[in-house]
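Chains, contacts and geometry: an overview
What follows is the residue order along each chain.
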Amino acid sequence: MTSVSETELDAFTDRAREWFAETVPRRADDDRRSVAVFHDLPFDEERDLLARIRAWLRTKFDAGYGALSWPLEHHGAGLSALYEEAFAEVEREFATPGQHELTSVSTALVAPTVQMFGTPEQTARLVRPLLRGDVTACQLFSEPSAGSDLAGLATRAVRDGDEWVVNGQKVWSSGAQFAEWGELVCRTDPDVPKHQGLTAFLLRMDTPGVDVRPLRQMSGGSSFCEVFLDDVRIPDAWRLGEVGGGWGVTLATLGFERGHSGANADLGGGFDQLLDDARRFGRTGDPEVRRLLAAVYAAEKVAAVSAQRDREARLAGEEPGAIGSLRKLAWTQRLSLVSQAAAAVLGSRLVADAGDGSYRWTEHVLGAPGYRIAGGSDEVQRTIIAERLLGLPPEPRADRGVAWKDIPR
């Protein structure tokens, strides 16, 4: 990859800002943006929001801004990640529809996974539509008894000629009630150790036997869903990767997820919004408020420096590896710190709607803990960091080398 000069990047940023100015209005200075981590919307309103976001994805894609860091031959612009991040920075200046978990999963997780493991037919059918927002795809990974221990999942897929018959249950599938497709991981061989007996599939969500049930979250919304699979038939042509190679597909998707975590600096609000409210309510003189505001500011600056370091490493051809777990863990801790600061700034306003806009922070406080689980729990990230970054001895695992069917449950 060729190096990027500051002049070239500045010229790109200027062109992008001109395009935005011609396409969407600028964000108002007094725009009090959402600080929610997860949406709290009725079904129809959430569906309409998704429609607006998908239309915006198409607008960007058709203008050449939809997949900036993807290679030209894979529907991208062939630019470095520096351009992508510069574009995102400019985008925050304008009144765009925002984001939704489902579109983020579709463009940043499932699309690159299909590009990496899919057959020519699969990539031709799905990659460009996923990037452009024409179709969406959810993750069908976690199960009630296989969350942090994802490799222990029990949803079975049994070969029947040119099809696979799937039975089981998935949970925590963000946006599944709106998705056209799902990336599904199943157990296809119970007679081998758990990591070896998995296979990935691409599933049309309107396939007979698929039952999607939204789950109400404590933050108020129903972004997560449980999905029941009852004798669902999937053609082998929609198998993603090799039979028994599902764990590799899963790890790739999770790697994209951890690398994407925290990529949008606006998600859940942060220092700027907290400082604005602290000033509005005369709280900037409180020592505890000042301490927490400083901590949030420092955490955001450290995250920015870390992101720059990661960009330079990528430009040098280095693979992110386990560093994604470190970034993901730091991001969830930063969300928690924002919650603490919001509580200190607002006091009783956090639990009673005073009609002054401060109650919106409740959505952050109740939603932030969800990301301590999503994309791999904090405990899993710490284990990865300990073993792969620090070189500590691996944790004892009683199920190592044991056939999945023989593991006590």
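Computed from a predicted model, the values in this text were never measured in an experiment.

Attention now goes to the overall build of the protein chain. Within the protein chain one finds 11 helices and eight strands. Taking 22 Å as the expected radius of gyration for a compact globule of 409 residues, we find that the protein chain reaches 22 Å, a close match to that expectation. Contacts in the protein chain between residues far apart in sequence, at least 24 positions, make up 75% of those at least 6 positions apart. Approximately 19800 Å² of the protein chain is accessible, and the part contributed by carbon and sulfur atoms is 52%. Of the charged side chains in the protein chain, 47 are positive and 61 negative; the average position of the first set lies 3 Å away from that of the second.

Below, the discussion takes up the pattern of salt bridges. Under the counting rule described, the total for this entry stands at 27 salt bridges. Glutamate 93 is paired through a salt bridge with arginine 26; the nearest N and O atoms lie 3.2 Å apart. A residue pair is termed long-range when its members are at least 10 positions apart, and glutamate 93 in the loop between α3 (81-91) and α4 (101-117) and arginine 26 in the loop between α1 (6-23) and α2 (43-62) qualify at 67 residues. A relative accessible area of 48% places arginine 26 in the partly exposed class.

Further remarks concern the UniProt feature "domain: Acyl-CoA oxidase/dehydrogenase middle" (unreviewed entry) in the protein chain. UniProt marks residues 138-232 with the feature "domain: Acyl-CoA oxidase/dehydrogenase middle" (unreviewed entry), using the numbering shown here. Overall, residues 138-232 shows 0% helix and 46% strand. The separation of its end C-alpha atoms is 17 Å.

We now examine the packing of aromatic side chains. In this structure the tally under the stated criterion is 17 aromatic pairs. Aromatic rings pair up to connect Phe12, Trp19, Phe20, Trp56, Tyr65, Tyr83, Phe87 and Phe94 into one cluster. Here the guanidinium or amino end of arginine 349 rests over the ring plane of phenylalanine 281, the centre of that ring lying 4.1 Å away.

Here we come to the nonpolar core. Ranked by internal contacts, the top residues of the largest apolar core, which has 42 residues, are Val166, Leu184, Leu203, Met205, Leu229 and Ile234. Per-element tally for this core: the top contributor is α4, with seven residues. Excluding its chain neighbours within four sequence positions, the residues that come into contact with leucine 184 are Leu140, Val166, Lys170, Thr199, Ala200, Phe201, Leu203, Leu229 and Ile234. Counting 19 residues, the second largest nonpolar core, distinct from the first, contains Val289, Leu292, Val296 and Leu350.

Turning our eyes to something else, we now look at the environment of glutamate 242. If you trace the backbone, glutamate 242 turns up in the loop between β8 (239-240) and α6 (246-260). Separated by 11 residues in sequence, glutamate 242 and aspartate 231 have C-alpha atoms that sit 22 Å apart.

So, on to the packing of α4 against helix α5 (residues 120-132). At a minimum axis distance of 9 Å, the contact between α4 and α5 shows a crossing angle of 160°. Here α5 runs roughly antiparallel to α4, going by the angle between their axes. Judged by the sense of rotation from one axis to the other, the crossing of α4 with α5 is left-handed. Residues Ser106, Thr107, Val110, Ala111, Val114 and Gln115 of α4 form the contact with α5, whose participating residues are Gln122, Thr123, Val127, Leu130 and Leu131. Class assignment for the residues of the contact of α4 with α5 results in six nonpolar, five polar and no charged.

So, on to helix α11 (residues 378-389). For α11, with 12 residues, the first-to-last C-alpha span of 15 Å sits near the 16 Å given by 1.5 Å per residue. Taken residue by residue, α11 has Asp378, Gln381, Thr383, Ile384, Ile385 and Ala386 as its buried positions.

Taken together, the side chains of Glu6, Asp10, Asp14, Glu18 and Glu22 make up a negatively charged region of the molecular surface. Along the chain, glutamate 22 falls in helix α1. For glutamate 22, a relative accessible area of 68% puts it in the exposed group.

Quick look at unusual backbone geometry now. One non-glycine residue, tryptophan 172, lies in the positive phi region at around 65°. Of note, tryptophan 172 is situated in the loop between β3 (163-171) and β4 (181-187). Its relative accessible area of 43% is what places tryptophan 172 among the partly exposed residues. The phi torsion at aspartate 231 lies on the positive side, around 50°, for a residue other than glycine. Overall, the relative accessible area of 47% leaves aspartate 231 in the partly exposed class.

About the criteria used
Residues numbered from 1 in each chain as written. Predicted model: local features only at pLDDT ≥ 70, side-chain atom pairs only at ≥ 80, totals over all residues. Heavy atoms only, no water. Helix = DSSP H or I, 4+ residues; strand = E, 2+ residues; numbered from the N terminus. Rg over C-alpha atoms; globule rule 2.2 N^0.38 Å. Contact = heavy atoms within 4.5 Å. Areas by Shrake-Rupley, 256 points an atom, 1.4 Å probe, with all protein chains shown as cover. Lys, Arg positive; Asp, Glu negative; His and termini not counted. Charge placed at Lys NZ, Arg CZ, Asp CG, Glu CD. Salt bridge = Lys/Arg side-chain N within 4 Å of Asp/Glu carboxyl O. Buried < 20%, exposed > 50% of the residue type's maximum accessible area, 1.4 Å probe, protein only. UniProt positions renumbered as here; feature names shortened; annotations may be inferred. Phe/Tyr/Trp six-rings, centres within 6.5 Å; stacked < 30°, edge-to-face > 60°. Lys NZ or Arg CZ within 6 Å of the ring centre and 35° of its normal. Core = buried A, V, L, I, M, F, W, Y, C linked by side-chain atoms within 4.5 Å. Axes fitted to C-alpha atoms, helices over the stretch in contact; angles between N-to-C directions. Parallel < 35°, antiparallel > 145°, perpendicular 65-115°, else oblique. Left-handed = near helix turned anticlockwise from the far one by under 90°. Nonpolar A, V, L, I, M, F, W, Y, C, P; charged D, E, K, R; others polar. Expected span 1.5 Å × (residues − 1). Patch = residues over 30% accessible without salt bridge, like charges linked within 9 Å, V, L, I, M, F, W, Y side chains within 5 Å.

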